[in-house]
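Descriptive structure summary
Here is what each chain is made of, one letter per residue.
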Amino acid sequence: MLSLFTEGRAKFYASPQQQASAKTPVFYNPVMKLNRDIAVYVAGRLKPKQICLGMEASGVRAIRFALEASLSGITANDASPVAVEAMKKNIELNNAEDAISVQNKDIKKLLSEGEAYDYIDIDPFGTPVYYAEPAIQALSENGVLAVTATDTSCLCGRFVKACIKKYSSRPLDNEFCKETGLRILIWKMQELGSKHGRALFPVFGHSSNHYIRAYMQACNNKGAVEQMKAQQGFILYCHKCLGRRVSVAPEGHCCGADMDYAGLLWLGSIWDESLVDGFTLIRHIAEESAINVPWHFDTHKIAKMLAVPAVRHDVLIDSLHAKGFKASRTHFKPEGVKTDAMISDFVPIFRQ
Ligand SMILES: C[S@@+](CC[C@H](N)C(=O)[O-])C[C@H]1O[C@@H](n2cnc3c(N)ncnc32)[C@H](O)[C@@H]1O
Ligand SMILES: [Zn+2]
């Protein structure tokens, strides 16, 4: 039995919410509405002509692309015949048949059929790594790959070995672990792309609820892969003084001991200016996107380390600005401050 839902301008049938799991016949998770809202926003701005939504379940994302962003040329695919049957009915229900064609294939097979797409969305249960390579190869020049990863316990440092195995990169279990997770996800997609001479540069990313999402644009320009690799590296981190720095090697010293590290990962900018300009779906992304450092600080953690009371965000950010630093809140963490200041620059502000 399916239930009727509405989301954005789409109305559609999917399995009832209490059944939402990997075994659900027509999967729909209302918590992922923000994921789809942002996809509608990004695709609406980029106006791709050929779109592949490769793991579409109920078809809600495809229908919203058509109705809310006026997009067409959408291929909506799912491996499950039951989901595809519901998807077809949902597309009819929304009169979106002209914009959306339906496929019932394994995503890897679909993406290996020689069609090039300007936008490909991979929205699996868990990691997108297994599906990414054919997707990257099927991107048109300047095409955008959007991936969701729900295996955050791995990317964000709780299961270090699993992350190294899946993403070939070491995560960090610390105050900026979610940002590190996003940067590892981007790095892994880039690494898979570079095997085929394709560079991928992030244009948007976020960490929300229990998942991480990255949008990356393909670039075939000469030298693009080298340019991309020049912005990859390691983050060294000291658990004692909260100091951190970027490095080309996974080793360094601080406070008389070896530093912990994350990487390899993407160290460059995550957000394209044209996409954050006017973006309001997640607070703080527009401000933090202007500060190109691959981490943030946690005000409570600094206060605890210094054994002093916490400083209010606005006071801290004003003080950092007064000292000539860039500083803003971050969407990654309510207690977070993104800044180009170093940990030593915080000490006088907290001790004032
Ligand atoms: C998390 S759900 C997708 C949710 C959907 N994108 C949305 O926004 O509502 C994952 C979907 O991937 C489908 N799937 C799993 N493995 C697949 C594969 N190898 N190829 C295509 N679809 C697959 C499942 O049937 C399921 O419907
Ligand atoms: Zn230290």
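Rules used throughout
Residue indices begin from 1 for each chain and proceed along its sequence in written order. Written order decides the labels, with chains lettered from A and ligands numbered from 1. Local features in this predicted model are restricted to residues whose pLDDT is 70 or higher, and side-chain atom pairs enter the listing and the counts only when it is 80 or higher, whereas totals over whole chains, interfaces and linings include all residues. Computation of side-chain values: all heavy atoms of the structure, hydrogens and water removed. Excluding water, the donors of a metal are its N, O and S neighbours within 2.8 Å, or within 3.2 Å for Na, K and Ca, and that exclusion means sites may look incomplete. Under this scheme a four-donor centre is tetrahedral when all angles range from 85 to 135 degrees, a four-donor centre is square planar and a six-donor centre octahedral when opposite donors are above 155 degrees with the rest from 65 to 115, and any other centre is irregular. Each helix corresponds to a stretch of at least 4 residues labelled H or I by DSSP, and each strand to a stretch of at least 2 residues labelled E; elements are numbered beginning at the N terminus. Strand pairing follows a simple DSSP-based rule, namely that at least 2 bridges must link the two strands. A fitted line through C-alpha atoms represents every axis, and for helices the fit uses only the stretch in contact; the resulting angles, taken between N-to-C directions, go from 0 to 180 degrees. A contact between two residues is defined here by any heavy atoms of the two lying within 4.5 Å. Should an angle lie under 35 degrees it is considered roughly parallel, over 145 roughly antiparallel, and from 65 to 115 roughly perpendicular; all remaining angles are considered oblique. Should the near helix be turned anticlockwise from the far one by less than a right angle, the crossing is left-handed, and should it be turned clockwise, the crossing is right-handed. For this scheme, ten residues count as nonpolar: Ala, Val, Leu, Ile, Met, Phe, Trp, Tyr, Cys and Pro. Four count as charged, namely Asp, Glu, Lys and Arg, and the remainder, Gly too, count as polar.

On to the coordination of the zinc ion (ligand 2). Protein coordination of the zinc ion (ligand 2) is provided by Cys 238 (SG), Cys 241 (SG), Cys 254 (SG) and Cys 255 (SG), with donor distances spanning 2.3 Å. Angles of 99 to 122° at the metal separate the four donor atoms of the zinc ion (ligand 2), which places the site in the tetrahedral class. In terms of primary sequence, the donors binding the zinc ion (ligand 2) are separated according to C-x2-C-x12-C-C. Highlighted residues: Cys 241 in the loop between strand S10 (232-237) and strand S11 (244-247) and Cys 254 in strand S12 (residues 253-254), separated in sequence by 13 residues.

Further remarks concern the sheet that holds S10. Read from one edge of the open sheet, three strands run S11-S10-S14, paired in antiparallel fashion. For this open sheet the edge positions go to S11 and strand S14 (260-266), each flanked by a neighbour on one side alone. Sheet twist, expressed as the average angle between the axes of neighbouring strands with direction ignored, equals 25°. Pairing geometry for S10 and S11, over four bridges, is antiparallel. In the sheet register, Leu 236 faces S11, and the bridge partner there is Arg 245. Taken strand by strand, helix H8 (residues 177-194) contacts S10 and S14, and its axis lies near 45° from that of S14.

Strand order across the open sheet formed by three strands is S15-S17-S16, with antiparallel pairing between neighbours. Whereas interior strands pair on both sides, the edge strands pair on one side only; in this sheet they are strand S15 (297-298) and strand S16 (327-330). Inspection of the sheet shows S15 paired to strand S17 (residues 333-339) by two bridges, in the antiparallel sense. Bridged to Phe 297 within S17 is Val 337.

Turning our eyes to something else, we now look at the packing of helix H1 (residues 33-46) against helix H2 (residues 60-69). The geometry of H1 relative to H2 is characterised by a closest axis approach of 10 Å and an angle of 45° between their N-to-C directions. One element, H1, and the other, H2, form an angle in the oblique class. Judged by the sense of rotation from one axis to the other, the crossing of H1 with H2 is right-handed. Taking contact as the criterion, the partners of Lys 33, Asn 35, Arg 36, Asp 37, Ala 39, Val 40, Ala 43 and Gly 44 in H1 are, on H2, Val 60, Arg 61, Arg 64, Phe 65, Glu 68 and Ala 69. Looking at the contact of H1 with H2 residue by residue, the class counts come to six nonpolar, two polar and six charged.

As far as function goes, none of this settles anything; it's purely spatial.
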